[in-house]
Amino acid sequence: MIQPLVIANWKMNGSYAANYNLLTYLLPEIAVNRLARIGLCPAYPYLAQVGQRLVGSPVWLGAQNASAYSEGAHTGEVNVAMLRELGCEYVLVGHSERRLMHGEDDTAVAAKFAAVEAAGISPILCVGENLAECEAGETETVITRQVMAVIDQVGIDHFFNAVIAYEPGWANGTGQIASSEHVQYVHGLIRRLLRDRDPYIARELQLIYGGSVNPTNAIALFQQPDVNGALVGGASLDARAFIAICDALEQAHRHALAQGA
Ligand code: 13P
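This report concerns the structure included in the present document. (Residues numbered from 1 in each chain as written. Predicted model: local features only at pLDDT ≥ 70, side-chain atom pairs only at ≥ 80, totals over all residues. Heavy atoms only, no water.)

## Regarding helix 2 (residues 47-54)
To keep it simple, the criterion reads: Burial classification: accessible surface area is computed with a 1.4 Å probe over protein chains only, and a residue below 20% of its type maximum counts as buried, one above 50% as exposed, and the rest as partly exposed. Note on conventions: DSSP H or I runs of at least 4 residues are helices, E runs of at least 2 residues are strands, and numbering of each starts at the N terminus. Contacts: residue pairs with any heavy atoms within 4.5 Å of one another.
Within the sequence span of helix 2, burial applies to Leu 47, Gln 49, Val 50, Gly 51 and Leu 54. Elements in contact with the buried residues of helix 2: helix 1 (16-30), strand 2 (37-41), strand 3 (60-63) and helix 3 (80-85). Downstream of helix 2 by one or two residues, Gly 56 has phi in the positive range, about 85°.

Here's what the structure looks like:
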């Protein structure tokens, strides 16, 4: 069965003091023997601070973005070798906020995915329709285009260590979560797209959902068969809420194991 995964995306939040306090509450609860794999993605300036606190713990470090370029005259960019040196095991690629507010298109996202994967880091490929696309009934078209753009540019065999996160732009930071049926529908679609190219990768790849996940709505979400975890924004800045989301995922996973799923 696919290992459940919860990734905290702290986005452009935090400070040395705030991170210290959050980790002080969080780590005793999440850095213990858990069924789920848990990762934290702080902003770049805090990767070293958080990474040092995670040494010796089973919690993984991740970054929110990476350059597709390897080095040189790219002011303001951070390459995958730097992230590797900081101990990153995950990098978010193509987050909806990068696509919508920073102009990243499918080609740019695929190039970043390739760079991250080539560095031995797991790319978390984020896909999702925006509000206008959702209202126009274009969800399936958009998701298919976004997933296939990366598969076609990079190759399905480079998805071996990847994760795909479905993050509808309209649900990010809005408090408006997609219904669990809608999420299952989209995750099922992604699983089918992968299966057409490689049944093994389709069976093993972690598919996680992001967009206004909180301890209350997480329960129904994690009961969906193709929801293997969550990419959590706002609620990951609240230690108690994040721990409750991790607990809900593990409870759903244990239930599925008991059912022989
Ligand atoms: P929220 O959980 O704050 O809606 O953010 C979702 C997200 O963008 C995670 O990457």
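## Description of the site of the ligand
Let me state the cut-off plainly: One heavy atom within 4 Å of a molecule or strand is enough for the residue carrying it to be called near that molecule or strand. Counted as a polar contact is a pair of N or O atoms within 3.5 Å, where, for protein atoms, one must be capable of donating a hydrogen and the other of accepting one, and residues adjacent in sequence contribute only when both atoms are in side chains. Residue burial considers only the protein chains on display, and all accessible areas are found by Shrake-Rupley using a 1.4 Å probe. Each residue gets one of three labels, nonpolar for Ala, Val, Leu, Ile, Met, Phe, Trp, Tyr, Cys and Pro, charged for Asp, Glu, Lys and Arg, and polar for the others, Gly among them.
In the vicinity of the ligand, 13 residues are found, and the nearest of them are Lys 11, Glu 167, Gly 173, Ser 212 and Gly 234. Taking Lys 11, its side chain carries an N or O atom lying 2.8 Å from an oxygen atom of the ligand. In the model, an oxygen atom of the ligand is placed 3.0 Å from a nitrogen or oxygen of the Gly 233 main chain. Expressed as a share of its isolated accessible area of 310 Å², the protein-covered part of the ligand is 95%. By residue class, the composition of the shell around the ligand is 2 nonpolar, 8 polar and 3 charged.

## Focus on helix 1
Just so we agree on the cut-off: In a helix, the anticipated span is given by 1.5 Å times the number of residues less one. One axis is fitted to the seven residues ending at the residue and one to the seven starting there. The bend at that residue is the angle between these axes.
The terminal C-alpha atoms of helix 1, which comprises 15 residues, lie 20 Å apart, in line with the 21 Å expected from a rise of 1.5 Å per residue. Thr 24 marks where helix 1 bends most, by close to 30°; the proline Pro 28 follows one to four residues later. Against the buried residues of helix 1 lie strand 2, helix 2 and helix 11 (239-258).

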